[in-house]
Amino acid sequence: METMDMGVHIEGEGVAAACCAQLFSESGQPFSSSRVVRPKLGAVLLSRQTIDLLAGIFRSADLVSVCHPIHKRIVAWGPVAQPMTLPHAAYVISEADLLSRLWGQVTTPTQSGAGGWKLLSGNASKIPQRAFGTRVASAVPAMLKRDKDQSACWIESVASGWLFLLPRGEEEAAALIAVGDAPAALLGHSRMIAGVIDGLNGAAVEFPAYPRIADPICGDGWLACGAAAIGFDPLCGEGTGNAARQAYLATALIAAVRDGEPVEDLLAHYTSRQMHAFLRHLQICLGFYKNGGSTPFWQSETALLEQGIEWATQFLREQEKPPTHRLVGRQLEPIRA
């Protein structure tokens, strides 16, 4: 592929797309973008580490000032588990507010010519994906009881799925994520969260909650990142932080291609890094789903996670090459013998 005056086109409007756009803008890399409007989640939970990652890209975004802080999580995980309170430093923000804040920092793109690279980051991407689960999540507004702690979040497993309740402050409805069955059905079996809310208050937004990965995840002239590359189970992984890390690697790869580094080596490195991240996520998920319950829901989802771990492990064993590059800051540096 011709690398002189190489342009880039970003498809998508999520966190990965916004991060790539800002990183390209700061580096002077010409790019264009296309953003497809889609339904947004009422609440996204951001760790302190993710806030810091985004602040390194969007220095003026000041996300903490517009987020609702969470200081603890209350967990009842397992058929007979009693609620346990644990410290938890995180922040809640609506997906619409998060993306508006990030895209508002991006400099207007420099239009790039045809024939450049594509970064595919949207859910509407046509890249085939391997899925290791069947569970679907519903996110619906819920009314937190007035005497309940706005600085806590609640996580609970029930017979046919699990519930995750995220407050957003006294002036906003909380967000309830229900996985495995309809929210009302799961609340009917709840021992904890049903007693924390006064009811549901709005339409649900559905999204896949099972781990999935693009296969292939990149090729000559294109990279998948964000939701187009890897989909995380919201219980066991923070997709926002992963999207930011993918953006650092994807934009560094484009710069290395422009500088004449071997494309085949760079794509192999990108694939390896994403596959290792996906395998770690599957392994974390497995620990939770093995302990969530013993009904057919938990058994089938656990079996599919085990299949995913076996597949990813075999992929890395058979196809992973010795590392040729390493990410240092915002640059991919070759590893010389």
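Check the entry above for the structure.
Here the structure is a predicted model, which means the values were calculated and not measured.

The rules we used
- Residues numbered from 1 in each chain as written.
- Predicted model: local features only at pLDDT ≥ 70, side-chain atom pairs only at ≥ 80, totals over all residues.
- Heavy atoms only, no water.
- 1 Å grid on protein atoms, 1.4 Å probe; cavity = no way out; pocket = protein on both sides within 12 Å on 5 of 7 lines; lining within 4 Å.
- Points joined across faces, edges and corners; volume = space filled by probe spheres on them.
- Nonpolar A, V, L, I, M, F, W, Y, C, P; charged D, E, K, R; others polar.
- Salt bridge = Lys/Arg side-chain N within 4 Å of Asp/Glu carboxyl O.
- Helix = DSSP H or I, 4+ residues; strand = E, 2+ residues; numbered from the N terminus.
- Buried < 20%, exposed > 50% of the residue type's maximum accessible area, 1.4 Å probe, protein only.
- Expected span 1.5 Å × (residues − 1).
- Contact = heavy atoms within 4.5 Å.
- Pairing = 2+ DSSP bridges.

1. Things to note about empty space enclosed by the protein
Gaps left between atoms are located by rolling a probe of water-molecule size over the structure's atoms. One pass over the structure, following the stated rule, counts one cavity of 30 Å³ or more. Approximately 30 Å³ is the volume found for the largest cavity. A breakdown of the residues in the lining of the largest cavity according to their chemical character gives six nonpolar, one polar and no charged.

2. Description of the pattern of salt bridges
By the definition in use, this model includes eleven salt bridges. We note a salt bridge from Arg48 to Asp52, for which the minimum N-O separation is 3.0 Å. One end of the pair, Arg48, and the other, Asp52, are both in helix α2 (residues 48-57), four residues apart, so they sit about a helical turn from each other. With relative accessibility at 43%, the residue Asp52 sits in the partly exposed group. Across the pair Arg130 and Asp215 runs a salt bridge whose closest N-O atoms are separated by 2.6 Å. Here Asp215 lies in the loop between β14 (212-214) and β15 (218-219) and Arg130 lies in strand β7 (residues 129-131), a separation of 85 residues in the sequence. Here Arg130 falls in the partly exposed class, since its relative accessible area comes to 36%. Put simply, Glu26, Arg59 and Arg330 are held in one network by salt bridges that share partners.

3. Some points on helix α7 (residues 296-319)
Here α7 contains 24 residues, and its C-alpha end-to-end distance of 34 Å stays within 8% of the 34 Å for a straight helix at 1.5 Å per residue. Considered for burial, the residues of α7 that qualify are Phe297, Trp298, Glu301, Thr302, Leu305, Gly308, Ile309, Trp311, Ala312, Phe315 and Leu316. The inward-facing, buried residues of α7 abut β7, β9 (152-158), β10 (161-166), β11 (174-179), β14 and α6 (263-292).

4. Things to note about the sheet that holds strand β16 (residues 222-224)
Pairing between the strands of a sheet comes from backbone hydrogen bonds, and it takes one of two forms, parallel or antiparallel. Read across the sheet, five strands follow the order β2-β1-β6-β16-β15 without closing on themselves; strand pairing throughout is mixed. Two strands in the sheet have a free side with no partner beyond their single neighbour: β2 (31-34) and β15. Pairing of strand β1 (residues 8-11) with β2 involves four bridges; the strand directions are parallel. Counted as the bridge partner of Glu11 is Ser34 from β2.

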